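Close look at the chain arrangement
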2 protein chains.
Amino acid sequence: MTERQGGGEAGSSAPPAPLSYRAVAGTWRFLVGRPLRSSETQKERITPVQGLPALSLDALTSVAYGPEAILVVLAAAGAGVLHLIFPITVAIVALLVILVISYRQVIDAYPTGGGAYAVSRDNFGANVSQLAAASLIVDYTLTVAVSISAGVQQLVSSFPSVSSETVPVCLGVLAVITVLNLRGLGDSARAFLLPTMVFIVGLLAIILVGLVHPFDPHVRQPGHVAVATHSLEALSVLLVLKAFAAGCSALTGVEAIANGVPLFRDPAVVRAKRTEMLLGGILGAMLLGLAGLDLKFHISPRSGQTVLSQIMGAAVGRHWAYYIVSLSITLVLALAANTSFGGLPVLASLLARDHYVPHVFALRGDRQVFSNGIWVLALMSAALLVAVQGNTESLIPMFAIGVFIGFTLAQGGMVVHWWRHRPARWRRRAAVNGLGAVVTAVSTVIFLVTKFTGGAWVVVVAVPSFIFLFRRIEAYYTRAGRALGLGTIPPKPKAEPDRTLVVVPVANVSRLTAHAIEEALALSEEVVAVTVRHASDDHTADSLFGAPGDISDQWAQWDPGVPLEVLSTEYASVVDPIVEFIDARRCDGLEIVVLIPVVVPGRIRYRVLHNHLDLVLSAALRHRNDVVVARVPLGLEDLPTHQADGGPRSSRKSR
Amino acid sequence: MTERQGGGEAGSSAPPAPLSYRAVAGTWRFLVGRPLRSSETQKERITPVQGLPALSLDALTSVAYGPEAILVVLAAAGAGVLHLIFPITVAIVALLVILVISYRQVIDAYPTGGGAYAVSRDNFGANVSQLAAASLIVDYTLTVAVSISAGVQQLVSSFPSVSSETVPVCLGVLAVITVLNLRGLGDSARAFLLPTMVFIVGLLAIILVGLVHPFDPHVRQPGHVAVATHSLEALSVLLVLKAFAAGCSALTGVEAIANGVPLFRDPAVVRAKRTEMLLGGILGAMLLGLAGLDLKFHISPRSGQTVLSQIMGAAVGRHWAYYIVSLSITLVLALAANTSFGGLPVLASLLARDHYVPHVFALRGDRQVFSNGIWVLALMSAALLVAVQGNTESLIPMFAIGVFIGFTLAQGGMVVHWWRHRPARWRRRAAVNGLGAVVTAVSTVIFLVTKFTGGAWVVVVAVPSFIFLFRRIEAYYTRAGRALGLGTIPPKPKAEPDRTLVVVPVANVSRLTAHAIEEALALSEEVVAVTVRHASDDHTADSLFGAPGDISDQWAQWDPGVPLEVLSTEYASVVDPIVEFIDARRCDGLEIVVLIPVVVPGRIRYRVLHNHLDLVLSAALRHRNDVVVARVPLGLEDLPTHQADGGPRSSRKSR
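Residues numbered from 1 in each chain as written. Chains lettered and ligands numbered in written order. Predicted model: local features only at pLDDT ≥ 70, side-chain atom pairs only at ≥ 80, totals over all residues. Heavy atoms only, no water.

Moving on to the pattern of salt bridges. Residues and elements named next belong to chain B. In total, this model carries six salt bridges over all chains according to the counting rule given. The closest approach of N and O atoms between R121 and D354, which form a salt bridge, is 3.2 Å. Highlighted residues: R121 in helix α6 (residues 115–124) and D354 in the loop between α16 (337–353) and α17 (371–387), separated in sequence by 233 residues. Residue E565 pairs with R585 through a salt bridge whose shortest N-O separation is 3.2 Å. Placement of the pair is E565 in strand β4 (residues 564–569) and R585 in helix α24 (residues 575–586), with a sequence separation of 20 residues. By relative accessible area, which is 9% here, E565 ends up buried. Given a relative accessible area of 23%, R585 falls into the partly exposed group. (Salt bridge = Lys/Arg side-chain N within 4 Å of Asp/Glu carboxyl O. Helix = DSSP H or I, 4+ residues; strand = E, 2+ residues; numbered from the N terminus. Buried < 20%, exposed > 50% of the residue type's maximum accessible area, 1.4 Å probe, protein only.)

Given below as structure tokens:
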């Protein structure tokens, strides 16, 4: 047993691939970047400030729709109760504080990431963790779709001419984000830092100006007031709870940092906790500030004009500061999708290690990111965007349910965690988590009840479907692992190897045939060439491509020291006689290797002109577990146009 | 060298394939029928009466649009010149007679089929024959599209509720015809015999009744007269020629029988010539009869009501006989597409033998038909139907140009043929063919000029494109053939075979690994297992699926007598280290075989869960012509759920 160190540029010593392949590969390499060593990825990891754009945009951009959701619910009870937004926001911020404290504890307890999934797997076992994972997958996908569509709709408000192209623009934005993520998260995080800072600093400044000394508090707001003139609904505990639950959509994304701990630079735990604090502070300040301004400016929901836009307009007037921050909101809403691209691929890799999803999701791509998870997330959210035609309104009812299921499970799991480990002050910690679990559970139930027909049923269908899939996949891997004897040491191979018969299907006498026969002789002394002759005297496609005359005569003339079996058939298929021939030999107790000669033309487009036998024969033998199928390729690109020596050796490297 | 006779049901002795494959294959087998021996296809060949539905429907159904096309052209000069339809039809029938005589001579001279292509190849050489072939391909495709859309539009006239589903109905009809043809032409021909007979006998009877004693000559016709009240165009030689050329669309399909001679029962030439006569007689009688009735009933073109329908209504009234024959016209129009399915695949097989199209087109399918040609024709005409949304009007301007180019070339070629061979009365024969060539050439030019902007430009683009493709493909095959040394006898393989190194990429110690190592030892004494270890300590997807612990330790414990190379890499790719390892060994002058262990799960849907290494490694090595890539499969279906002996032997047949 020896260790080898694979060094240098990967694959650099391989012979050049055909041109067309190189062109495609080169374009892709340009988009995604060269392969990275794992040691190079350290610099791709992120700092707390970078962590805000990379993992927290989902949460931060919630201010664009969270406060409005509260006001819309309250408005059903008339303008007189709109002032309740302030106590409700206080309650939400209190919940935010609980969540931030809880998730800082989660980061400490689970530094390898995974958030709700890891916590509930650890404390509740497999079944509950599958619920958490399914909920998170649904919510990650929805976050991408909601953020991109909201961002594009904001763009469309500025440039109405784009409105007919909403879906293509959404998909274009998604494609850009996908490619940036395939390049590695750090690149993406750095790319998104500037607009995030403009958004955070600008909006906080606007809130401050508004609270202290608004420039233009009586600015004329476009749109129409959407408050019921008569109370449609009596003020009730249920209404307040509904408003609270609706406002909780502002809390989606708070968990993303805990899921993405391994993405941070070392010491990752410290940096992740710092980011979580930063997020909690900024989001809480924004929510409270906006609620205060709601009261100060007597804001009520309007059609065609968001609450956030009203507040900003009232605070600084509809001037340059308003437009700059509005545009940054557009941009960060679109980029909030990046939060999910930082989260779902890591979650999928954890699920793959538990055998709940195909193992490919645990594979890193050339850029050391979990590229398969990135691709799947891109495809699922693209499907969602196309299905709702890029309309955010259709997505909102499905949104936030998944993440609140995750909150509940994570915090419930932490209660169990404290109960089991009982560190100092475990009772108080468990109480904080328990309170959070109860409140988020209640919110989840209210979400489901009030939004069911509006779209929440999709989540109710999707989450169990994912769980079903996880279980089927795990059951299969368990069966397959048992069948493969994993974990046991197999018996030693027989000392005396079997006899091996190499069967070479040939259609003509050519350099390709000679090359294949030579390779076959290197594998075994027992080689037999087979060819199929049709009783109807029709040629096969491959035999067409031969010299005129009978292959038997040419074979005799060539006399390569290998017998040629001419299989006669009345059927059209050339595969069946070869398979029958193999089956007949199989009974003799031989190892059978079928060595299919294939031409590798210089350009992709020429491939349709060759190797028809390879296609059908490989397909026919693919499911046979008693035959080894080998392809012996002969490249045509570097062959001389005018054949000089004619020998099959010229296509091989000198030895 | 021995001869073996492949007998019995094809592939019956192979082990059963996994369930899902069998279900798909079984459904397809049910649709298309069991494989046929070539000896069984004799009964699939056709008689002259069967030849009418199989090869002549295109020509016969032309009566549904040919006379109308003449009247539409004449109507531009006012109602006063409509009587010119009779002399023009006489001229067309005279041309029909010339064509029938000419093509009977073609059948005699070229009994192997091929029509315009074979004749022009023989007499004008490769370049002109490529023009003929391209024209025929365009026209075959147009015939399918025009016939199906016309048939469906007729159906839509009867059932207006179907009108919104025109394209799906067109594609459905196309699918049915395609499957019938994949079953073999004879099946199709028999299936179409009854409606063809109803159409021929019914329409001839209606014409007879109309000429002798119409039931209801003053029937009220729906639709509006579409004759110019003022002459839009003066009566001129050009107008008459245009009307003549338009009416010549009734002659499309006359050549199909000559192209399909090999489809007839022996004696094929006699039967084909008889069919050609039968076609000429029936078509001529119909055209003349309809022209006579046009005069008798003073028919003029109407919107929403075809000329043929007007004549039938006037002859027998709009009663049961009218509806039965109308429906049979609908049906045979749709089935006229079958003419092309009898022609294009045979033409494509001839082109494949001349290396103008990929060789696959010369391959017969299980039912002994040229199934690849059938598939391509179906796809091209489906694309055409979708492009024009099933609207016949959009297709008519492209129609008939291709076939008239073919007529001209075939008859011109026959002139050369007579000139060269000079049999008895060769001057008169050459004169007949020469006259036909000139008239069809003039018609072609008039078609191109008058229809160019209406759609004929598509043909002007498509025909040279096909010719370009033919030449590129032929040039490639010539280069490839030279590079492969076809026609030369290669040198004998070396007497002393090379040393062979078998490289087995492994990810764990399991039955699969043991199976692969055993197969490798059967191929060579030099076997090395390689595994990739990531510096970042990440698992690969396949190694995930292994026992916990280090593979090196397990390997040492197992000790299969084969060294394990642990390749350490900092990159994510597991392929590059293996390729580098192979490249390093290649310099030692070894034959290198990469033996990839693959799991063959029992159901297709489980395939995504396995063999990720196989996918990427096969793709990476596919273009290498210095490495033989072999897959050693291990079926999982018949393995015991609870492992009994755990040995790799249990998955092999006893020997």
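The rest of the description comes next.
Our next topic: the packing of α24 of chain B against helix α25 (residues 612–621) of chain B. Residues and elements named next belong to chain B. Here α24 crosses α25 at 45°, and the two axes come no closer than 10 Å. As judged from the angle between their axes, α24 and α25 are oblique. In the packing of α24 onto α25, the handedness of the crossing is right-handed. Two secondary-structure elements touch here, α24 through V575, I578, V579 and I582 and α25 through L613, V616, L617, A620 and L621. By residue class, the composition of the contact of α24 with α25 is nine nonpolar, no polar and no charged. (Axes fitted to C-alpha atoms, helices over the stretch in contact; angles between N-to-C directions. Parallel < 35°, antiparallel > 145°, perpendicular 65-115°, else oblique. Left-handed = near helix turned anticlockwise from the far one by under 90°. Contact = heavy atoms within 4.5 Å. Nonpolar A, V, L, I, M, F, W, Y, C, P; charged D, E, K, R; others polar.)

Bringing the environment of S62 of chain B into the picture now. All names here are of chain B. For S62, the location among the structural elements is in the loop between α3 (57–60) and α4 (66–75). Owing to a relative accessible area of 0%, S62 belongs among the buried residues under this scheme. Apart from the residues lying within four places of it in its own chain, the contact partners of S62 are P67, S249, A250 and T252. For S62, the side chain forms a polar contact with the main-chain oxygen of D58, separated by 2.8 Å. (Polar contact = N/O pair within 3.5 Å; in protein donor to acceptor, adjacent residues only side chain to side chain.)

Glancing now at the pairing of strand β5 (residues 591–600) of chain B. Residue and element names in this part refer to chain B. Counting buried positions along β5 gives ten out of ten residues, so the element sits mostly inside the fold. Bridge count for strand β2 (residues 500–505) against β5 is four bridges, and the pairing is parallel. By the bridge assignment for β5, V502 is matched with V593. Looking at chain direction, β5 and strand β6 (residues 627–635) are connected through nine bridges and run parallel. Residue L595 lies in a different strand from β6, and its bridge partner there is A630. Crossover connection from β5 via α25 to parallel β6: handedness right-handed. (Pairing = 2+ DSSP bridges. Right-handed = clockwise from strand over helix to strand, strands pointing away.)

Turning next to the side chain of S102 of chain B. All names here are of chain B. Counting through the fold element by element, S102 comes out in helix α5 (residues 85–109). Of the residues examined, S102 reaches a relative accessible area of 0% and is grouped as buried. If we skip the residues at most four places from it in the chain, S102 touches Q411 and N433.

This part is about a positive patch on the surface. A cluster of basic residues, R472, R479 and R482 of chain A together with R605 of chain B, forms a positive patch on the protein surface. Along the chain, the position of R482 of chain A falls in helix α20 (residues 426–483). (Patch = residues over 30% accessible without salt bridge, like charges linked within 9 Å, V, L, I, M, F, W, Y side chains within 5 Å. Areas by Shrake-Rupley, 256 points an atom, 1.4 Å probe, with all protein chains shown as cover. Lys, Arg positive; Asp, Glu negative; His and termini not counted. Charge placed at Lys NZ, Arg CZ, Asp CG, Glu CD.)

Attention now moves to the confidence of the model for chain A. All names here are of chain A. Averaged over chain A, the pLDDT score is 79; the fraction of residues at 70 or greater is 82%. Here residues 1–15 is a poorly scored stretch, pLDDT under 50, and it has 35 contacts once near neighbours within four places are set aside; other chains count. Segment residues 639–655: pLDDT under 50, and 37 contacts once partners within four positions in sequence are set aside and those in other chains are kept. Complex prediction metrics read pTM 0.69 and ipTM 0.73. (pLDDT = per-residue confidence, 0-100.)

Right, let's get into helix α8 (residues 166–182) of chain A. Residues and elements named next belong to chain A. Under the 1.5 Å per step criterion, the end-to-end length of α8 is 24 Å for 17 residues, consistent within 8% with the ideal 24 Å. Those residues of α8 not exposed but buried are T166, V167, C170, L174, I177, T178, N181 and L182. Seen along its axis, α8 keeps its buried residues to an arc of 135°; they face one direction. One or two residues past the end of α8 sits G184, with phi positive at roughly 120°. (Expected span 1.5 Å × (residues − 1). Arc of directions from axis to C-beta.)

Residue and element names in this part refer to chain A. Assignment of secondary structure puts I405 in helix α19 (residues 401–421). As for I405 and A133, which are separated by 272 residues in sequence, their C-alpha atoms are 9.9 Å apart. When near neighbours in sequence (up to four residues on either side) are disregarded, I405 contacts L131, S135 and T444.

What follows deals with the pairing of strand β3 (residues 526–534) of chain B. Residues and elements named next belong to chain B. Burial runs high along β3: seven of the nine residues are buried. As defined by bridge partners, β2 adjoins β3 across five bridges and the pair is classed as parallel. Along β3, the bridge assignment pairs V504 with A529. Handedness of the β2-helix α21 (residues 511–523)-β3 crossover: right-handed. Relative to β4, β3 is paired through six bridges, and the arrangement is parallel. In the strand pairing of β4, H534 is matched with T569.

Turning to a nonpolar patch on the surface, a few remarks are in order. All names here are of chain A. A cluster of nonpolar residues, W28, F30, L31 and W375, forms a patch on the protein surface that exposes about 450 Å² of accessible area. No other element matches the three residues that helix α1 (residues 19–32) contributes to the nonpolar patch. Summarising the element assignment, F30 is placed in helix α1.

We now examine the side chain of S524 of chain B. Residues and elements named next belong to chain B. Topologically, S524 is positioned in the loop between α21 and β3. Reaching out from S524, the side chain makes a polar contact with the backbone nitrogen of E526 at a distance of 3.0 Å. Among residues more than four places away in sequence, those in contact with S524 are T500 and V502.

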